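Notes for the structure review
Residues per chain are reported as follows:
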Amino acid sequence: MSQTAHPFDLVIRNARVATASDTFDADIGIAGGRILQLGSGLASGAREIDAAGRVVTPGGVDAHCHLDQPMAPPVRMADDFDSGTRSAACGGTTTVIPFAAQEKGQSLRAAVADYHQRAEGKAHVDYAFHLIVSDPTPQVLDEELPALIREGYTSFKIYMTYDDLKLDDGQILDVLAVAREHGAMAMIHAENADCIEWLTKRLEAAGRTAPRFHAQARPMLVEREATHRAIALSELVDVPILIVHVSGKEAVEQIRWARAHGLRVFAETCPQYLFLTTEDLGIDDSYHGARCVCSPPPRDRSNQEVIWNGLNDGLFTVFSSDHAPFRYDAPEGKKPGGEEVAFRHIPNGIPGLETRLPLLYSEGVLAGRMSLNRFVELTSTNPAKAYGLHPRKGTIAVGSDADLVVWDERERVLRNADLHHDVDYTPYEGRMLRAWPGLTLARGEVVWDGREFHARAGRGQFLRCDAPSLLPRRA
Ligand code: URP
Ligand code: ZN
Ligand code: ZN
């Protein structure tokens, strides 16, 4: 029997292709996991998918998510690389960048080696690592960090809060100086640790320990002050920074001020600052609000508007999930040991890898609040550029990986029971969505078909990152 030779492994026909800059009709010809050709009337594929009338975007790049990150016992994360990347794929995200976190006293190399072991054989989609630098010893600053940057770990996160992670200003300056010299992207968690501790102690002394008081311990001014200080430190070193999970007006104002003064300050925000408010932490002392305890906390509706405006006018570069997965019921998430604990002890973070794209596509693009191209830019292209993965990731172009989402624009109610993470809740339960990925392709493989998940643990590849293309070129 004669066999027909197909020029493509897969052709997606009649797609309404959206990139960060253009929207156009085309067939997408895929071979060897990459996009080989874009055009009309392409030759045949071994497999063909008709996308007539459907929008096709690049797969999402979630540049801020936490998977299987070591926690202080007994707390532990609900998602590892298996469940986390499964959930990502079913929500249209085809690249994740979680964090290899250094514990104080640990070498950065050991943290990276440990994190590779955690990922090994488990990931369903491609992944890179950011580093978390919590102990900037001379060995880390002079040897490990420069070497790791050269090896493809070109971004790291610095914390201004959390006892086990925070750096003081002098340490931050030291780490920023390494970012400048070696061309890395420094991400900063900006909240003033001393103010939070002082407020927390006063709340505790007054018996105010329910989850809702988490928001009172972290008011906007503690974020504003730290954002201001982070900007000043980056100005002193003369290096760009990216402020992560910006929650509202006062931090946004600091970043606008920096930009107006010619400083290269990038910013990220997340779904919780568009779709949740402080009230989701509770209006009374019930423990239910522990589900939405994250830092910075969600603010109010007027701050949500500020965030929408910043997404549309270019203030924000990146829209990430900050997926930090803890089960509501034990083991050992929001109720360590099954106990309702004081807000100080509630693990910070909420799940969101799978819902990040559908929420913004529904409430942004289809609700008329955001252009389709801006959606692609914020959720895929810019994160790929910010962390040295573009143009392999983050776009639909000849030569790029065939990481694609074919959108299914139908209403559905968001239910945790339909999600694929290992968390026992979603903060967005019951929300009406206007769309969901009908197909997710990762390097040309259908990993999600709108109903079933098809990938194999271990198919996801580790990605070494180049120098971030948003940074100035080093000589
Ligand atoms: O509450 C949060 N955001 N938890 C995750 C860790 C972090 O600071 O991003
Ligand atoms: Zn953070
Ligand atoms: Zn985070």
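Below is a short write-up of the structure. (Residues numbered from 1 in each chain as written. Chains lettered and ligands numbered in written order. Predicted model: local features only at pLDDT ≥ 70, side-chain atom pairs only at ≥ 80, totals over all residues. Heavy atoms only, no water.)

**What about the coordination of the zinc ion (ligand 2)?**
- Of the protein atoms, only Lys-157 (NZ), His-189 (ND1) and His-245 (NE2) coordinate the zinc ion (ligand 2), at distances of 2.1 Å.
- When the donors of the zinc ion (ligand 2) are listed by position in the chain, the intervening gaps give K-x31-H-x55-H.
- A gap of 4.0 Å separates the zinc ion (ligand 2) and the zinc ion (ligand 3). On the criterion of sequence distance, the pair formed by His-189 in strand 12 (residues 185-189) and His-245 in the loop between strand 13 (241-243) and helix 8 (249-260) is long-range, its members being 56 residues apart. (Donors = N, O, S within 2.8 Å, 3.2 Å for Na, K, Ca; no water. Helix = DSSP H or I, 4+ residues; strand = E, 2+ residues; numbered from the N terminus.)

**Overview of unusual backbone geometry**
- The omega torsion across Pro-73 and Pro-74 is 10 degrees, close enough to zero to call that bond cis.
- Positive phi is not limited to glycine here, since Tyr-162 has a value of about 75 degrees.
- With respect to the helices, strands and loops of the structure, Tyr-162 is situated in the loop between strand 11 (155-159) and helix 4 (169-182).
- Overall, Tyr-162 belongs to the partly exposed group, its relative accessible area being 24%.
- For Arg-443, which is not glycine, the phi torsion reads 45 degrees and is therefore positive.
- You can see Arg-443 is positioned in the loop between strand 19 (436-442) and strand 20 (445-448).
- Classification of Arg-443 by relative accessible area gives buried; the value is 18%. (Buried < 20%, exposed > 50% of the residue type's maximum accessible area, 1.4 Å probe, protein only.)

**Observations regarding the sheet that holds strand 12**
- Across the sheet, which stays open at both edges, the seven strands sit in the order 8-10-11-12-13-14-15 with parallel pairing between neighbours. Since the sheet does not close on itself, it has two edges, and those belong to strand 8 (99-101) and strand 15 (318-319), each with one partner.
- Here strand 8 runs beside strand 10 (residues 130-132); their pairing, made up of three bridges, is parallel. Bridged to Phe-99 within strand 10 is His-130.
- Together, strand 11, strand 12 and strand 13 form the strand contacts of helix 4, whose direction differs from that of strand 11 by roughly 170 degrees. (Pairing = 2+ DSSP bridges. Contact = heavy atoms within 4.5 Å. Axes fitted to C-alpha atoms, helices over the stretch in contact; angles between N-to-C directions.)

**Remarks on the site of ligand 1**
- Looking at ligand 1, there are 13 residues lining it, with Lys-157, His-189, Ser-295, Asp-322 and Asn-348 nearest.
- Here a nitrogen atom of ligand 1 and a backbone polar atom of Asn-348 are 3.1 Å apart.
- Surface burial for ligand 1 is 95%, taken as the share of its 270 Å² of free accessible area covered by protein chains.
- Its residues assigned to classes, the shell around ligand 1 comprises four nonpolar, seven polar and two charged. (Near = heavy atom within 4 Å. Polar contact = N/O pair within 3.5 Å; in protein donor to acceptor, adjacent residues only side chain to side chain. Areas by Shrake-Rupley, 256 points an atom, 1.4 Å probe, with all protein chains shown as cover. Nonpolar A, V, L, I, M, F, W, Y, C, P; charged D, E, K, R; others polar.)

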